[in-house]
Amino acid sequence: MERIASIERQTNETDIQLSLAIDGEGQSNLETGVPFLSHMLDLFAKHGQFDLTVDAKGDIEVDAHHTTEDIGICLGQALQKALGDKRGIKRYGNAFVPMDEALAQVVVDLSNRPHLEMRAEFPGQKVGSFDTELVHEFLWKLALEARMNLHVIVHYGTNTHHMIEAVFKALGRALDEATTIDPRIKGVPSTKGML
């Protein structure tokens, strides 16, 4: 069964079409209107081996908040939909990624219990025109809509760009591990019998 999903979201603030293939080749086609976010999503797709297409139009003349938040919502919904009943998946994923002086760790549980725990202090409030507080906003909406437990820890770093880049690479790698089908797992990886 192909694990793919497409999501459309239209509000007064954004118009987004997003498609995700879990078992992809790390290909991305991204039109977000937010260059730094596009860069991060490209890294996420490449390192997670996901195929990701995003066509987003938002009120970026105000700022990037609504567009970033709504792409997080759509990506989370696409991940949840593409996973289906989650039979045979590893469920858990953990990745450390260094980026020069920075080290990030992302741990995920595709548990159907949404939670974000984030430990990161970015030295800069902006990377280019991108507000770094939007990283938390994106990750929280992703975790909420994917219904996953997401822990993000930036252990150290001095360059804000490097720190955020390490987070998105680690997110891709952790989700790649968690979504992998393990032939040893029969049914759903939970003693409850469902996720």
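Residues numbered from 1 in each chain as written. Predicted model: local features only at pLDDT ≥ 70, side-chain atom pairs only at ≥ 80, totals over all residues. Heavy atoms only, no water.

Peer 1: Help me understand the pattern of salt bridges, please; the structure alone is not making it clear to me.
Peer 2: A side chain with one charge can pair with a side chain of the opposite charge if their charged atoms come near. Using the criterion set out here, one finds eleven salt bridges in the structure. Of the charged contacts, one joins Arg9 and Asp70 as a salt bridge, the two residues approaching to 3.3 Å between their closest N and O atoms. You can see Arg9 sitting in strand β1 (residues 4-10) and its partner Asp70 sitting in helix α2 (residues 65-83), a full 61 residues away along the chain. For Arg91, the salt bridge is made with Asp109, and the minimal N-O distance between the two is 2.6 Å. Highlighted residues: Arg91 in the loop between α2 and β5 (92-99) and Asp109 in strand β6 (residues 102-109), separated in sequence by 18 residues. Like Arg91, the residue Asp109 is buried in the burial classification. Taken together, the salt bridges that share partners define one network made up of Glu69, Glu137 and Lys141. (Salt bridge = Lys/Arg side-chain N within 4 Å of Asp/Glu carboxyl O. Helix = DSSP H or I, 4+ residues; strand = E, 2+ residues; numbered from the N terminus. Buried < 20%, exposed > 50% of the residue type's maximum accessible area, 1.4 Å probe, protein only.)

Peer 1: Looking at this model, I keep getting lost on the packing of helix α1 (residues 35-48) against helix α4 (residues 160-179). Mind explaining?
Peer 2: Helix-helix packing: each pair is described by the crossing angle between the helix axes and the interaxial distance. The interhelical angle for the contact between α1 and α4, taken along N-to-C directions, is 35°, at an axis separation of 7 Å. Here α1 and α4 pass one another in a crossing that is right-handed. Across the interface between the two elements, Phe36, His39, Met40, Leu43, Phe44, His47 and Gly48 from α1 touch His161, Ile164, Glu165, Phe168, Lys169, Leu171, Gly172, Arg173, Leu175 and Asp176 from α4. (Axes fitted to C-alpha atoms, helices over the stretch in contact; angles between N-to-C directions. Left-handed = near helix turned anticlockwise from the far one by under 90°. Contact = heavy atoms within 4.5 Å.)

Peer 1: How should the side chain of Lys141 be read in this particular structure?
Peer 2: Position of Lys141 among the secondary structure elements: in helix α3 (residues 133-146). Given a relative accessible area of 14%, Lys141 falls into the buried group. A distance of 3.1 Å separates the side chain of Lys141 from the side chain of Glu69, its partner in a polar contact. Not counting residues within four places of it along the chain, the set of residues in contact with Lys141 comprises Glu69, Gly72 and Ile73. (Polar contact = N/O pair within 3.5 Å; in protein donor to acceptor, adjacent residues only side chain to side chain.)

Peer 1: I keep staring at the nonpolar core and nothing clicks. Help me out?
Peer 2: The tendency in soluble globular proteins is for nonpolar side chains to be buried as a group. By size, the foremost hydrophobic cluster in this structure holds 62 residues, and its most contacted members are Leu18, Leu52, Leu139 and Leu150. The leading source of residues in this core is α4, at ten residues. Excluding anything up to four places from it in sequence, Leu139 contacts Leu116, Met118, Leu150, Val152, Val167 and Leu171. (Core = buried A, V, L, I, M, F, W, Y, C linked by side-chain atoms within 4.5 Å.)

Peer 1: How should the sheet that holds strand β3 (residues 28-31) be read in this particular structure?
Peer 2: Strands pair in a sheet through their backbones, by hydrogen bonds, and they do so in one of two ways: parallel or antiparallel. Judged by pairing direction, the sheet is mixed, and its four strands sit side by side in the order β1-β2-β4-β3 without closing on themselves. Single-partner strands in this sheet number two, and they are β1 and β3. Strand-to-strand twist across the sheet, computed as the mean angle between neighbouring axes with direction ignored, equals 5°. Bridge analysis of β3 against strand β4 (residues 51-58) gives four bridges, and the strand direction is parallel. Of the residues in β4, the one forming a bridge with Glu31 is Asp55. Each of β3 and β4 touches α1; the most contacted strand, β3, lies at about 165° to it. (Pairing = 2+ DSSP bridges.)

Peer 1: What is the right way to look at the packing of aromatic side chains in this model?
Peer 2: Geometrically, a pair of aromatic rings is defined through the distance of the ring centres and the angle of the planes. In this structure the tally under the stated criterion is three aromatic pairs. Arranged with centres 5.1 Å apart and planes meeting at 40°, the rings of Phe36 and Phe130 form a pair that is tilted. Of this pair, Phe36 sits in helix α1 while Phe130 is found in strand β9 (residues 130-131), placing the two residues 94 residues apart along the sequence. Here Phe36 and Phe130 have matching classes, each one buried. Here the aromatic rings of Phe44 and Phe50 are separated by 5.3 Å at their centres, their planes lie at 35°, and the arrangement is tilted. Residue Phe44 shares its accessibility class with Phe50, and that shared class is buried. (Phe/Tyr/Trp six-rings, centres within 6.5 Å; stacked < 30°, edge-to-face > 60°.)

Peer 1: Help me understand the environment of Thr67 in this model?
Peer 2: Note that Thr67 resides in helix α2. Exposure remark for Thr67: the relative accessible area of 1% places this residue in the buried category. Considered as a pair, Thr67 and Lys57 are ten residues apart in the sequence and their alpha carbons are 7.4 Å apart. Not counting residues up to four positions away in its chain, the partners in contact with Thr67 are Thr14, Ile16, Thr32, Val34, Ala56, Gly58, Asp59 and Ile60.

That's the geometry; what it means functionally is another story.
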